[in-house]
Amino acid sequence: MTDTQLTHTVIDYSVKETAAAIRKALRARWPGVKFSLTMSRGTGYGWMSLSWTDGPLTAEVNALTNGFRSSYFDGMDDSTHQIPATLCAAADGSLIEHKWSCHGVNASRHYSPETEAWAETVAVRGSYWWPNGCEPYLDNPYYATRGLLAGIDLTNGFPTSPRESFKETWQR
């Protein structure tokens, strides 16, 4: 092989292999968080459901799992479009093309009772997280705690200063 020739290897992953790669990437990125990833069957084949308790923000998890998608649905033209395979270079200079088999991952973050109790002590009436009262139905602890928890990464436990660690909606 001369210096100008490059080998090109295509690795075609099944849905099961794609799920295994996603699990491995999640464990590497957030080693202390327990994720549950299940594959759909039948007409939902290729879709996966992911759930975890506390831990990282949903947007951060979605950013990681979106790299494993092979297609996406476009509601504007009511059709599915293929995503080009991921191309990367190996240590020897050859090219490796990864073709994943995943239409999408539906992520769902849950909160433990301890986390909800903590949020209720922080998001009290008059605090930053309490709705400003323009909508009467929002004036309750549920919306205040959900607003707080939606923007805080709980991977390393509760933050000592929730306001500083809170990610604003426009920054997500």
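Reading guide: rules and limits
Residues numbered from 1 in each chain as written. Predicted model: local features only at pLDDT ≥ 70, side-chain atom pairs only at ≥ 80, totals over all residues. Heavy atoms only, no water. Helix = DSSP H or I, 4+ residues; strand = E, 2+ residues; numbered from the N terminus. Buried < 20%, exposed > 50% of the residue type's maximum accessible area, 1.4 Å probe, protein only. Areas by Shrake-Rupley, 256 points an atom, 1.4 Å probe, with all protein chains shown as cover. Pairing = 2+ DSSP bridges. Axes fitted to C-alpha atoms, helices over the stretch in contact; angles between N-to-C directions. Phe/Tyr/Trp six-rings, centres within 6.5 Å; stacked < 30°, edge-to-face > 60°. Contact = heavy atoms within 4.5 Å. Expected span 1.5 Å × (residues − 1). Arc of directions from axis to C-beta.

Caption draft 1: Local environment of the overall build of the protein chain. Scanning the protein chain from N- to C-terminus turns up 5 helices and 8 strands. When the helices and strands of the protein chain are read in sequence order from the N terminus, they spell out β-α-β-β-α-β-β-β-β-β-α-α-α. Looking at the protein chain residue by residue over its 172 residues, the buried ones come to 33%. Split by element, the accessible area of the protein chain, about 10800 Å² in all, is 54% carbon and sulfur.

Caption draft 2: Broad picture of the sheet that holds strand β1 (residues 8–12). The 3 strands are arranged β1-β7-β6 in an open sheet whose pairing can be described as mixed. The sheet is open, and its two edges are formed by β1 and β6 (86–89), each paired on a single side. Averaged over all pairs of adjacent strands, the angle between their axes in this sheet comes to 25°, without regard to strand direction. The pairing of β1 with strand β7 (residues 95–99) spans 5 bridges and is classified as parallel. When the bridges of β7 are listed, V10 appears paired with E97.

Caption draft 3: View of the packing of aromatic side chains. Counted under the stated rule, the structure contains 6 aromatic pairs. When the ring of W30 is compared with that of F35, the centres are 6.0 Å apart and the planes differ by 50°; the resulting orientation is tilted. Judged by its relative accessible area of 3%, W30 falls in the buried class. Note on F35 and W52: the rings are 5.6 Å apart at their centroids and 50° apart in plane angle, and the pair reads as tilted.

Caption draft 4: Examining the pairing of β7 more closely. Looking at chain direction, β6 and β7 are connected through 4 bridges and run antiparallel. For C88, the partnering residue across the bridge sits in β7 and is I96. Taking the residues that link successive antiparallel strands as the turn, the β6-β7 hairpin has 5 residues, and the phi of G93 there is positive, at about 95°.

Caption draft 5: Representation of the side chain of T115 within the structure. Checked against the element boundaries, T115 lands in helix α3 (residues 113–122). Classification of T115 as buried rests on a relative accessible area of 1%. In contact with T115, other than residues within four places in its own chain, are D54, L149, L154 and F158.

Caption draft 6: Inspection of helix α1 (residues 15–29) at higher detail. The first and last C-alpha atoms of α1 sit 21 Å apart over 15 residues, in line with the 21 Å expected at 1.5 Å per residue. Taken together, the buried positions of α1 are occupied by V15, T18, A19, A21, I22 and L26. Projection of α1 onto a plane perpendicular to its axis shows the buried side chains occupying an angular sector of 160°, all on one side. Residues of α1 that are exposed and angled more than 90 degrees away from the buried face: K16, K24, R27 and A28. Of the surrounding elements, those touching the buried residues of α1 are β2 (35–39), β3 (47–53), α2 (58–65) and β8 (104–110).

Caption draft 7: Highlighting unusual backbone geometry. In this structure, D54 takes a positive phi of about 60° despite not being glycine. Within the element layout of this structure, D54 appears in the loop between β3 and α2. Of note, D78 is a non-glycine position whose phi angle comes to about 55°, a positive value. Inspection of the secondary structure puts D78 in the loop between β4 (71–74) and β5 (79–82).

Caption draft 8: Geometry of the environment of V124. Here V124 shows up in the loop between α3 and α4 (141–150). With 16 residues separating them in the primary sequence, V124 and N140 have C-alpha atoms 9.2 Å apart.

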